[in-house]
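Summary of structural features
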Amino acid sequence: MTHDHCRRPFRCVALALAGAIAGHMTIALPAQERPVAIHNARILTMAGEPIDRGVVLIRNGKIQAVGAEVPIPAGAKRVDAGGGTIMPGLVSAFSRAGLTEPRGDPDQRRSSRRSFRRSRGSRSAPKASNRAARKIADQLYSRQDVFGELAQAGITTLGLAPRDDGFSGRGAVIDPTATDAATMVLNDEAFLLITPVPGSKAKKLVKEALVKAKKLVEERKKPKPAAAKPAEGDKTEAKDEAAKTEGKPADKPQDKKPPTDAAKGKGSAPGQGGPGKGKGKGKPKKDPNIDAIADALEGKTRAFVDLRSAYRLVHYLKAAGDHQFPDTVVVASTLDNNEGRLDEVVKELRGLSEVVLMEAKLTTPAFGRAVECPAATLVDQGFDVGFLLPDQPSQAREVFFALMELVRHGLPQAKALAGVTAVPAQALGVDDRVGTIAAGKDADLLLFTGPPLDPASRLERVWRRGRAVEEAKR
C-alpha cells in the first residue's frame, strides 16, 4: 500500500507532464499548418459547374481540395458557411488606387495641388511621352488604408497602372493585404501600358518608338560573334613580352607615335568618331524605354493598350502598323459614344486582342435613347470581357449592383462574375494562382449570404491566402 501510494504521485506527475508536453507541441505548431475547411457552402468555382453543397479545404494559404465529397481531416478548423455562396476573390486588373495623392512634404503637396488647379483649365491637347521603362511600383506607398479597405470590399488582387499618355510605363500586381512594399509587390513588370492620344506628334511618337524597338528586337536575335582566341604561339610571345617589360616604367608621352588623321577624326563622317562634344564616341547609349518596348514586342511582357474609343483604336493601328505586340490586352477606360465605342468596331478590335477590360456600365447611342450593353455585344462576338473596378472602397462594394444591371440587359450571369475574377486574372497573367477556385491555387475567397448577384445578398467574409482579412489589419 505504501509503495503504491508512493508511486501514485509520480504517475500523476508523469501524466500531467505528458499532457503538458503534448499541449505545448500543439500550441507551438504554426497557425497556417492547421487546415481550414469551409463547408456547407454553394461554391462558384468559375472553372466549371457550381457545387451546390461543397467543401473548400485550405492548407498553408492554398486550396488543397474542393468538391462535394471532400473529407475534412481531424483537427481542421471548420467554418460553417451557413448555406451561403463561396466565389473567388475579385481581381482589379487596371487600378490607380493609392496613386492619386502626391507624395512628399506638405509644402510640395500644396504646390502640386495649385499646379493641378491651374492646369485643369487648360484646353491644350494631352501630351504624350515615352516613359516605358518607368515602374509604377517604385512610386508605391504601401501603408495606405485604401488597400486594406479594398481588400475588405472583396478585391484581393490589384493591378496598378501608370497615368501618363503615350508609353505610360510598367504596371504592377500587388497584394492589398500586405503591410510593406517588399511583400506587397508580387510583380513589378506585370504589363507595359500604352495610352495613345490624338494628334500628329503623339502618333509620330508611337511610330518611331515601335520602329526603334523592332530594330532592337532584330539585333537581339543576331548571334553574338565569338571572341577570337589567340594562337598558342601568340600566347607564348605575349607572356615573354610581358615578362620583359615587367617592372619597367610606362612609356613617356613623347615616346608614343603621333595619332593619325583617322584617329583624330579628320575627314570622318558625323557621328563616326569625329571631334566634338562627345558625339559618336564608342557605342550608342542604350535607351531603357526602347528596351522596355522591345521586351513587350518579344512577348516577354504583355501590353495593355488603353483605347477609349473606336477613333483612338483606328489611329493607333495606323501608327503601330505591322509592329504589333503578341500579348495584348485592350483597355476601354471610358465609353465614348461621340468617338465611337469599341463594340462598334469588332473587326478592327479582334485584330488587336480578344481580351477587353471595360467599365461595367450600360450606355445609349450618341443619337438615340435605347439602352445598350457593350459588354454583352462583345461577349456575343467571342471576346473575353473583364470589368474595371472602382478605386474607392465605398464604390467597390457597389460593383455587384452594376453587374446585376448588365445581366438584366443581356449579359450572361456566369460571364458577369467571370468579368471580375477569371478574366482580369488572365489579363494580368496571374490566372495560375487566382481568379478561379481549384486545387493548388491561392485561397482568395469571398463568402456571400446568398447568390452574389441577388440584391438581398451581402458580403460576409473575405479570405486572402486562407487568412481572413480582419486578421491582417494594417
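Presented here is a report on the structure given in the accompanying data block.

What counts, and at which threshold
Here, residues in each chain are numbered from 1, in the same order as that chain's written sequence. Restriction of local features to residues with pLDDT of at least 70 applies here, the model being predicted, together with a cutoff of 80 or more for giving and counting side-chain atom pairs; totals for whole chains, interfaces and linings are based on all residues. Only hydrogens and water are set aside; all other atoms, that is, all heavy atoms of the structure, feed into the side-chain values. Remark: nonpolar core denotes a set of buried residues (Ala, Val, Leu, Ile, Met, Phe, Trp, Tyr, Cys) joined through side-chain atoms within 4.5 Å. Partly exposed describes any residue whose relative accessible area lies between the buried limit of under 20% and the exposed limit of over 50%, with all areas from a 1.4 Å probe on protein chains only and scaled to the type maximum. By definition in these notes, contact holds between two residues if any of their heavy atoms fall within 4.5 Å. Definition used for salt bridges: Asp or Glu carboxyl oxygen within 4 Å of a side-chain nitrogen of Lys or Arg. Helix numbering and strand numbering both begin at the N terminus, where a helix is a DSSP run of H or I of at least 4 residues and a strand a DSSP run of E of at least 2. Think of a polar contact as two N or O atoms within 3.5 Å of one another; within protein, one of them needs to be a possible hydrogen donor and the other a possible acceptor, and neighboring residues in sequence only count if both atoms come from side chains. Axis definition: a line fit to C-alpha positions, over the contact stretch in the case of helices; interaxial angles, taken between N-to-C directions, run 0 to 180 degrees. Oblique is the label for any angle not covered by the other classes, which are roughly parallel (under 35 degrees), roughly antiparallel (over 145) and roughly perpendicular (65 to 115). A crossing counts as left-handed when the near helix is turned anticlockwise from the far one by less than a right angle, and as right-handed when that turn is clockwise. For this classification, Asp, Glu, Lys and Arg are treated as charged, while Ala, Val, Leu, Ile, Met, Phe, Trp, Tyr, Cys and Pro are nonpolar and the rest, including Gly, are polar.

We now examine the nonpolar core. Counting residues in hydrophobic clusters, the biggest one holds 102 residues, and the most contacted among them are Ile-293, Phe-304, Phe-387 and Phe-400. Setting aside its immediate chain neighbours within four residues, Phe-400 contacts Met-87, Leu-90, Leu-417, Phe-448, Pro-452 and Leu-453. Counting residues in each nonpolar core, the second largest holds 17 residues, with Ile-86, Ile-437, Ala-443 and Leu-447 among its members.

Time to look at the pattern of salt bridges. Between side chains of opposite charge, pairing is possible as soon as their charged atoms come close. Counting across every chain of the model gives 25 salt bridges. A salt bridge links Glu-354 to Arg-350; the shortest N-O distance between them is 3.7 Å. Across the salt bridge formed by Glu-460 and Arg-458, the nearest N and O atoms sit 3.6 Å from each other. Assessed through its relative accessible area of 42%, Glu-460 is described here as partly exposed. Here the residues in one salt-bridge network are Arg-220, Asp-291, Asp-295, Glu-298 and Lys-300, joined through shared partners.

Among the secondary structure elements, Asn-289 is positioned in helix 8 (residues 288-297). Among the polar contacts listed, one links the side chain of Asn-289 to the backbone nitrogen of Ala-133, at a separation of 2.9 Å. Not counting residues within four places of it along the chain, the set of residues in contact with Asn-289 comprises Asn-130, Arg-131, Ala-132 and Ala-133.

Where helix 5 (residues 200-221) contacts helix 9 (residues 310-320), the two axes come as close as 8 Å, and the packing angle between them is 40°. For the element pair helix 5 / helix 9, the angle class is oblique. Along this stretch, helix 5 crosses helix 9, giving a crossing that reads as right-handed. Residue-level contacts link Lys-203, Val-206, Lys-207 and Leu-210 of helix 5 to His-315, Tyr-316, Lys-318, Ala-319 and Ala-320 of helix 9. Class assignment for the residues of the contact of helix 5 with helix 9 results in 5 nonpolar, 1 polar and 3 charged.

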